[in-house]
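# A closer look at the structure
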Amino acid sequence: MERRPLDLKDWQTQYDRKLISLEAAAEVVQSGDHVFLPNGYSGEMPHAIVARSEALRDVKVSICAPGFDPGWLSEGMGESFDITTQVFLNLARAGHDEGRIQFLPYTVGTYFKPYTDDFREKRPIDVFLMEVSPPDENGFCSFGWVAWEKRNYAKAAKTIIAEIDNHHIRSRGDTDIHISEIDYLVDISAPPLAEDEADPLIIKFPPEEQNHIRQIIQMRNPRGLRKAIAMAEDLEVSALEIAWQLEEPTDVARTIAGHLKTLLRDRDTIQIGVGKPSKYMVELGVFDDLKDLGIFSEMACPGMGFLVKRGIATGEYTSVHPGKAVFAGLLGMRETEVRWANDNPLIELHRADYVVNIANIARHRNMVSINNVLQVDLTGQLTCETQFGPRLINGPGGQIEFHIGAFSAPGGRAISLLPSTWADGGVSTIVPHLEEGSLVSIPRVFADYVITEWGIAQLAGRTHRERAKALIQIAHPDFRDALEDAAKDIH
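Residues numbered from 1 in each chain as written. Predicted model: local features only at pLDDT ≥ 70, side-chain atom pairs only at ≥ 80, totals over all residues. Heavy atoms only, no water.

So, about the overall build of the chain. Counting its regular elements, the chain contains 18 helices and 23 strands. Relative to the globule expectation of 23 Å for 491 residues, the C-alpha radius of gyration of the chain, 23 Å, shows essentially globular dimensions. Dimensions of the chain, computed from the C-alpha atoms along their principal axes, are close to 70 × 55 × 50 Å. Every one of the 491 residues in the chain was classed for burial, and the buried ones make up 55%. Counting contacts in the chain only where the partners sit at least 6 residues apart, residues at least 24 apart contribute 72% of the total. In the form shown here, the chain has an accessible surface area of approximately 21,000 Å², with 49% of it arising from carbon and sulfur atoms. In the chain, the 50 positive side-chain charges and the 71 negative ones have mean positions that sit 6 Å from each other. (Helix = DSSP H or I, 4+ residues; strand = E, 2+ residues; numbered from the N terminus. Rg over C-alpha atoms; globule rule 2.2 N^0.38 Å. Buried < 20%, exposed > 50% of the residue type's maximum accessible area, 1.4 Å probe, protein only. Contact = heavy atoms within 4.5 Å. Areas by Shrake-Rupley, 256 points an atom, 1.4 Å probe, with all protein chains shown as cover. Lys, Arg positive; Asp, Glu negative; His and termini not counted. Charge placed at Lys NZ, Arg CZ, Asp CG, Glu CD.)

In structure tokens, the structure reads:
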């Protein structure tokens, strides 16, 4: 796959010629097409495409992680749209349970292998949708705060439709695309909110929190906020707290943070997952006393960008891109951090198959991966995808590569976090063996450190029997006796 040829002459004329309406851009999609949306996508094109659903049949839509439904998951849309995803959010779980979404079992780092290796049966990329920043004085747009698969899609796609959003930052790294490389442009930029326009959302919060909420809203994309305002009457505060990263860490998360802190050292290079409880670790102070950290991570989490601003993550001893904090996307950061990353030479974004790459991860001395898992059995088999049987909770994302890469790195540590119980304490997440149908995300031969609120189990270099003892010691006390009895039967 090669980058499309550049035509640097009179880019403004090209821009004017390629700029069309959402409705006209939706007409580009035809029955039988394969349409692809990258990770972190939140544009407007899907709504315009769904508005044409009666004229479309068998449009295959590949979405990395669907964060919203423009209508193609509704009843009666099956003949028009066939939806595939590779990472689950709440929306995808329900859609998969009901048979309206298919799951593609690739990791983030290996997703493009069929294209780079030219598989005979690879799915054609007929139309690629993405969001970009407005062009600079030379006609180059930026992928904004999300790089992930955009570069590879742009190389492989037959047709590119780029949605220009003036809220997107200009990021450094491998994130530029020229107007001449794009087939169609749609401007989805939204004007700032009026002073009291967000009040229907703000008044949902207690009076003492409303000034803080108003400050948060001022930083967010007005286009998305207007959609939330339109639904304000039906929105729960809890949904807004999740969307705006306002959830407070639990006592379990705080205790896990204390254990995690003991495994970290100056000059470590870190990757952190964005789920719970790992998303809380930075702001719980786990890294505050460390020096010269490096960052080489698929995503970010709250506070991670400001580890750089605070001088904690200097990247001075990072093996790859020294002096830079490297991500595939900044989703997970707070808006204040994303704005700080705008055109910031200390922050770089690169494509997912470069960042989420076992070989590149393992090049870092003292690489540390910190991710969440759903269950671990007494031999050390880990799943981050299913829970208590075959029901998919999530896709593997980039967790497998980062775990194995960190495990393989000189001085590396692959750390898995999980609360010791699930379902309000009714079920142990440490189990004798994974239930039938469970998917093993991390084989036991790569198991390293597992942390619950009850302590740390070091599994690497230990026998099955030693692993079982270590894991039982960090299980919830209510389940230890049953686990010990099961371990005797198994081992």
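The next thing to look at is helix 9 (residues 222-230). The set of residues buried in helix 9 consists of Pro222, Arg223, Leu225, Ala228 and Ile229. Those residues of helix 9 hidden inside the fold are in contact with strand 5 (127-132), helix 7 (199-202) and helix 8 (210-219). Taking the backbone nitrogen of Arg223 as reference, a side-chain oxygen 2.9 Å away marks Asn221 as the first, capping residue of helix 9. (Polar contact = N/O pair within 3.5 Å; in protein donor to acceptor, adjacent residues only side chain to side chain.)

Turning to the sheet that holds strand 12 (residues 294-297), a few remarks are in order. Picture the strands of a sheet paired through backbone hydrogen bonds; they go either parallel or antiparallel. The strand order across the open sheet formed by 9 strands is 8-14-13-12-11-15-18-22-23, and the pairing between neighbours is mixed. This sheet does not close on itself; its edge strands, each paired only once, are strand 8 (172-173) and strand 23 (455-458). Relative to strand 23, strand 22 (residues 449-452) runs antiparallel, the two being bridged by 4 bridges. Bridge pairing in strand 23 places Val450 opposite Ala457. Its contacts with the sheet put helix 16 (residues 399-408) on strand 11 (269-272), strand 12, strand 15 (367-372) and strand 18 (413-417), and the angle it makes with strand 15 is roughly 145°. (Pairing = 2+ DSSP bridges. Axes fitted to C-alpha atoms, helices over the stretch in contact; angles between N-to-C directions.)

Looking now at the packing of aromatic side chains. Taken as a whole, this structure holds 14 aromatic pairs when the rule is applied. Taking the centre distance of 5.5 Å and the plane angle of 55° together, the rings of Phe36 and Tyr153 count as tilted. Residue Phe36 is located in strand 1 (residues 34-37), and its partner Tyr153 is located in helix 6 (residues 150-156); the two are separated by 117 residues in the primary sequence. Overall, Tyr153 belongs to the buried group, its relative accessible area being 0%. Taken together, the ring pairs connect Phe36, Tyr106, Tyr111, Phe112, Tyr115, Phe128 and Tyr153 into an aromatic cluster. The side chain of Arg267 reaches across the aromatic face of Tyr317, ending 3.8 Å from its centre. (Phe/Tyr/Trp six-rings, centres within 6.5 Å; stacked < 30°, edge-to-face > 60°. Lys NZ or Arg CZ within 6 Å of the ring centre and 35° of its normal.)

Read from one edge to the other, the open sheet built from 3 strands follows the order 17-16-21, with strand pairing classed as mixed. A single partner strand is all that each edge strand has here, and the edge strands are strand 17 (382-383) and strand 21 (430-431). Where strand 16 (residues 375-377) and strand 21 come together, 2 bridges link them in parallel fashion. Residue Val376 lies in a different strand from strand 21, and its bridge partner there is Ile430.

Put simply, helix 17 (residues 464-473) and helix 18 (residues 477-490) touch, their axes get as near as 10 Å, and they point 170° apart. Classified by the interaxial angle, the pair formed by helix 17 and helix 18 is roughly antiparallel. The residues of helix 18 that touch helix 17, namely those facing Ala468, Ile472 and Gln473, are Arg480, Leu483, Glu484 and Ala487. Residue composition of the contact of helix 17 with helix 18, grouped by class: 4 nonpolar, 1 polar and 2 charged. (Parallel < 35°, antiparallel > 145°, perpendicular 65-115°, else oblique. Nonpolar A, V, L, I, M, F, W, Y, C, P; charged D, E, K, R; others polar.)

By the definition in use, this model includes 0 disulfides. The structure places no disulfide on Cys301, whose sulfur is separated from the nearest cysteine sulfur, that of Cys384, by 17 Å. Among the cysteines around Cys384, which has no disulfide bond, Cys64 carries the closest sulfur, lying 14 Å off. Cys384 gets classed as buried once you look at its relative accessible area, which sits at 6%. (Disulfide = S-S within 2.5 Å.)

It is worth spelling out unusual backbone geometry at this point. Here the amide bond leading from Lys276 into Pro277 is cis, since omega sits at 5°, within 30 degrees of zero. By the secondary structure assignment, Pro277 is in the loop between strand 11 and strand 12. One non-glycine residue, Asp58, lies in the positive phi region at around 55°. Inspection of the secondary structure puts Asp58 in the loop between helix 3 (45-50) and strand 2 (59-63). We classify Asp58 as partly exposed; its relative accessible area is 38%. The phi torsion at Asp118 lies on the positive side, around 55°, for a residue other than glycine. With respect to the element layout, Asp118 can be found in the loop between helix 5 (113-116) and strand 5.

On to the environment of Arg334. Checked against the element boundaries, Arg334 lands in the loop between strand 13 (325-327) and helix 13 (335-340). Each C-alpha atom of the pair Arg334 and Ile370 lies 19 Å from the other, and the pair is 36 residues apart in sequence. Filtering out sequence-adjacent residues up to four positions away, Arg334 remains in contact with Trp244, Gln245, Glu283 and Pro302.

So, about the nonpolar core. With 56 residues, the main nonpolar core has Ile270, Phe287, Phe327, Leu330 and Ile415 as its most contacted residues. The element contributing the most residues to this core is helix 11 (residues 251-261), with 4 residues. (Core = buried A, V, L, I, M, F, W, Y, C linked by side-chain atoms within 4.5 Å.)

The next point concerns the pattern of salt bridges. For the coordinates displayed, the defined rule picks out 30 salt bridges. The closest approach of N and O atoms between Arg391 and Asp97, which form a salt bridge, is 2.7 Å. Of the two residues, Arg391 is situated in the loop between strand 17 and helix 16 and Asp97 in helix 4 (residues 90-97); the sequence distance between them amounts to 294 residues. Given a relative accessible area of 42%, Asp97 falls into the partly exposed group. Note that Asp288 and Arg310 form a salt bridge whose closest N and O atoms lie 2.8 Å from each other. Here the residue Asp288 occupies a position in the loop between strand 11 and strand 12, and Arg310 occupies one in the loop between helix 12 (304-309) and strand 13, the gap between them amounting to 22 residues. (Salt bridge = Lys/Arg side-chain N within 4 Å of Asp/Glu carboxyl O.)

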